[in-house]
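Listed here are the chains, written in short residue letters.
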Amino acid sequence: MTEDKVTRTLVFTVFTAVLGSFQFGYDIGVINAPQQVIITHYRHVLGVPLDDRKAINSYAINGTEELPASPFLGVPTPTPWAEEEPVASASLITMFWSLSVSSFPVGGMIASFFGGLLGDQLGRIKAMLVANILSLAGALLMGFSKLGPSHILIISGRGISGLYCGLISGLVPMYIGEIAPTTLRGAIGALHQLAIVTGILISQIVGLDFILGNHELWHILLGLSAVPAVFQSLLLFFCPESPRYLYIKLDEEAKAKKSLKRLRGSDDVTNDITEMRKEREEASSEKRVSIVQLFTNSSYRQPILVALMLHMAQQFSGINGIFYYSTSIFQTAGISQPIYATIGVGAVNTVFTALSVFLVEKAGRRSLFLIGMSGMFVCAIFMSVGLVLLNKLAWMSYVSMIAIFLFVSFFEIGPGPIPWFMVAEFFSQGPRPAALAMAAFSNWTCNFIIALCFQYIADFCGPYVFFLFAGVVLAFTLFTFFKVPETKGKSFEEIAAEFRKKSASTKAPKAAVEMEFLGATETV
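Residues numbered from 1 in each chain as written. Predicted model: local features only at pLDDT ≥ 70, side-chain atom pairs only at ≥ 80, totals over all residues. Heavy atoms only, no water.

Looking up the protein chain in an unreviewed UniProt entry gives the name Solute carrier family 2, facilitated glucose transporter member 2, with the organism given as Delphinapterus leucas. Here the protein chain is described in UniProt, under the heading Sequence similarities (unreviewed entry), as follows: "Belongs to the major facilitator superfamily. Sugar transporter (TC 2.A.1.1) family. Glucose transporter subfamily." The UniProt entry for the protein chain carries this comment under Subcellular location (unreviewed entry): "Cell membrane". (UniProt positions renumbered as here; feature names shortened; annotations may be inferred.)

Draft legend 1. Fine view of the overall build of the protein chain. Secondary structure assignment for the protein chain yields 23 helices and 0 strands. By residue count, 60% of the 524 residues in the protein chain fall in the buried class. When contacts within the protein chain are restricted to residue pairs at least 6 apart in sequence, those whose partners lie at least 24 apart make up 81%. Working note: accessible area of the protein chain is about 20100 Å², and carbon and sulfur atoms make up 67% of it. (Helix = DSSP H or I, 4+ residues; strand = E, 2+ residues; numbered from the N terminus. Buried < 20%, exposed > 50% of the residue type's maximum accessible area, 1.4 Å probe, protein only. Contact = heavy atoms within 4.5 Å. Areas by Shrake-Rupley, 256 points an atom, 1.4 Å probe, with all protein chains shown as cover.)

Draft legend 2. Structural detail: a nonpolar patch on the surface. A contiguous nonpolar patch, built from Val106, Ile110, Phe113, Phe114 and Leu117 and spanning about 410 Å² of accessible area, is present on the exposed surface. Structurally, the position occupied by phenylalanine 114 is in the loop between α4 (84-111) and α5 (115-122). Its relative accessible area of 44% is what places phenylalanine 114 among the partly exposed residues. (Patch = residues over 30% accessible without salt bridge, like charges linked within 9 Å, V, L, I, M, F, W, Y side chains within 5 Å. Salt bridge = Lys/Arg side-chain N within 4 Å of Asp/Glu carboxyl O.)

Draft legend 3. Main features of the confidence of the model for the protein chain. Of the residues in the protein chain, 84% reach a pLDDT of 70 or more, and the chain-wide mean stands at 82. Confidence drops under pLDDT 50 across residues 50-84; counting only partners more than four residues distant or on other chains, this segment forms 81 contacts. Across residues 504-524, where pLDDT falls below 50, the model places 67 contacts with residues more than four positions away in sequence or in other chains. (pLDDT = per-residue confidence, 0-100.)

Draft legend 4. Inspection of the packing of helix α6 (residues 124-143) against helix α10 (residues 226-236) at higher detail. Taken N-terminus to C-terminus, the directions of α6 and α10 make an angle of 160°; their axes are 9 Å apart at the nearest point. Between α6 and α10, the crossing angle belongs to the class labelled roughly antiparallel. Crossing hand, α6 versus α10: left-handed. Only Ala226, Ala229, Val230, Gln232, Ser233 and Leu236 of α10 make contact with α6, whose side of the interface consists of Ile125, Met128, Leu129, Asn132, Ser135, Leu136 and Ala139. Looking at the contact of α6 with α10 residue by residue, the class counts come to 9 nonpolar, 4 polar and no charged. (Axes fitted to C-alpha atoms, helices over the stretch in contact; angles between N-to-C directions. Parallel < 35°, antiparallel > 145°, perpendicular 65-115°, else oblique. Left-handed = near helix turned anticlockwise from the far one by under 90°. Nonpolar A, V, L, I, M, F, W, Y, C, P; charged D, E, K, R; others polar.)

Draft legend 5. Looking closely at the nonpolar core. Leu294, Met383, Phe426 and Phe427 are the most contacted members of the largest nonpolar core, which has 63 residues in total. Ranked by residue count, the leading element in this core is helix α21 (residues 432-461), at 9 residues. Residues from two domains meet in this core; each of domain 1 (7-50 + 87-239) and domain 2 (293-523) gives at least three. By size, the runner-up hydrophobic cluster in this structure holds 32 residues, among which are Ile168, Tyr175, Cys239 and Trp444. (Core = buried A, V, L, I, M, F, W, Y, C linked by side-chain atoms within 4.5 Å. Domains from an automatic or database assignment.)

Draft legend 6. Summary view of the packing of helix α15 (residues 298-316) against helix α20 (residues 418-426). Where α15 meets α20, the closest approach of the two axes is 10 Å, and the angle between their N-to-C directions is 175°. Put simply, α15 runs roughly antiparallel to α20. Counted together, Pro303, Val306, Ala307, Leu310, His311 and Gln314 of α15 and Pro419, Trp420, Met422, Val423 and Phe426 of α20 form the full contact between these two elements. Its residues placed into classes, the contact of α15 with α20 shows 9 nonpolar, 2 polar and no charged.

Draft legend 7. Focus on the side chain of serine 384. With respect to the helices, strands and loops of the structure, serine 384 is situated in helix α18 (residues 365-388). For serine 384, a relative accessible area of 0% puts it in the buried group. If we skip the residues at most four places from it in the chain, serine 384 touches Pro463, Phe466 and Phe467.

Draft legend 8. Local environment of the environment of glycine 162. Checked against the element boundaries, glycine 162 lands in helix α7 (residues 150-179). For glycine 162, a relative accessible area of 0% gives the class buried. When residues no more than four places from it in sequence are discounted, the contact partners of glycine 162 are Phe104, Gly107 and Gly108.

Draft legend 9. A look at helix α19 (residues 396-413). A rise of 1.5 Å per residue sets the reference length of α19, with its 18 residues, at 26 Å; its end C-alpha atoms lie 26 Å apart and thus fit the reference within 8%. Every buried residue of α19 is accounted for by Met396, Ser397, Ser400, Met401, Ala403, Ile404, Phe407, Val408, Ser409, Phe411, Glu412 and Ile413. (Expected span 1.5 Å × (residues − 1).)

Draft legend 10. Spotlight on unusual backbone geometry. Even without being glycine, aspartate 251 reaches a positive phi, approximately 60°. Its place among the elements puts aspartate 251 in the loop between α11 (243-249) and α12 (253-264).

Draft legend 11. Examining α5 more closely. Among the residues of α5, those classed as buried are Gly115, Gly116, Gly119 and Asp120. Axial view of α5: buried residues confined to an arc of 130°, hence all on one face. Just downstream of α5, glycine 123 is the residue with a positive phi angle, here 95°. (Arc of directions from axis to C-beta.)

Okay, here's the thing in structure tokens:
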């Protein structure tokens, strides 16, 4: 069947789209490696006295540690022996560094609501082009930050980059989900997450001090995201518009057929057009669905709550905490250059995300999510045991190291990539943009909450902190088992029936048509 065919146009188009996801990942990881260098530059620009530099340097021994995006996880309070004036100066540096990191997720939270709206108003291609203006603006501000008030330029640039990533977190999954053949939409949907973790890995590598993470080149490191932004902008002119957008939103069947013929590599696109015609009929009866209606309409309430819980599970699993603890654990294990171990974690991240691309269509979304969460639960237990016994048994550091790598592996098999594209499968054309916007906002918000609260939780719980995350992961695993339906290869009627069966508190809606996803009509 033509639906199964992977054409050069499809590969080119998906590659071009996920360049935005790559920028997303690069922007997430790029601020961590040059942390000490940037703090030193801030001190120079702000004229912080030498004594204060000593106080801050007691913290910045190793600039490779992952720094979650939070004012509370930046530079800690200087040591008690520091004098009052240096303490005040250190607090100023702390504030500017924290803002440099946390302005990014704040921008993402704000913009995540507008990705779907922009995609509907301008079309998917033009929306990504407009979003790249933000990416270029942010990259240029950071790239030239050495020439002006660097703290102001970096904070502004990170905030604008966050706005770009907030838009992309909704636009890219929407676009690649709409152009993907039915039998490949899971694998193609997982490429969004693969591109993100690849971007993180590349940012870690080029951030090494002998490449770009040094006093001379750190500003180029921060501004380097302009390169994929320009590259993607050029390639987007050669990409076909989403046929679903053309047919369902604009009612331009001829253009939709032309787009489909390019993507499928065949003149016979009857099946796709038939599916989209059914979806358009449903979309015309649904009209546009607001975010409020997602929660007030009984037909949407169950799937949107499940979608939000999947994104909460991803962020509240403790993955950011794992990265936060990794450097100190690697140091305890006797690794002299923990940055290479951290890059190793990033490499594992990438490899297992790539593996999930091939597994997702074979094992199914729900199955992989459950396997991933269950594995993370076990790893979190071993991680906690290793931390608790670290001082008594030296070899426990290796238990913790193995637990880190396995935890990351299980995360990328399921909870990492799957929530992003499952949301598109839960909803038809009418509610899909609002649902994707809400899911992206939920993901960014949970990310920010974890960053904001983790240090307090870690300080309170000490080495027992991952027992807490193990409990959270177990709770989300049980929720997934009882409430999340399998969507692999199922028609919208089957998914709607699954939701009705799993819903214990709501009355089954009269019609299942409001649950159509991506127009799929046959079981694979």
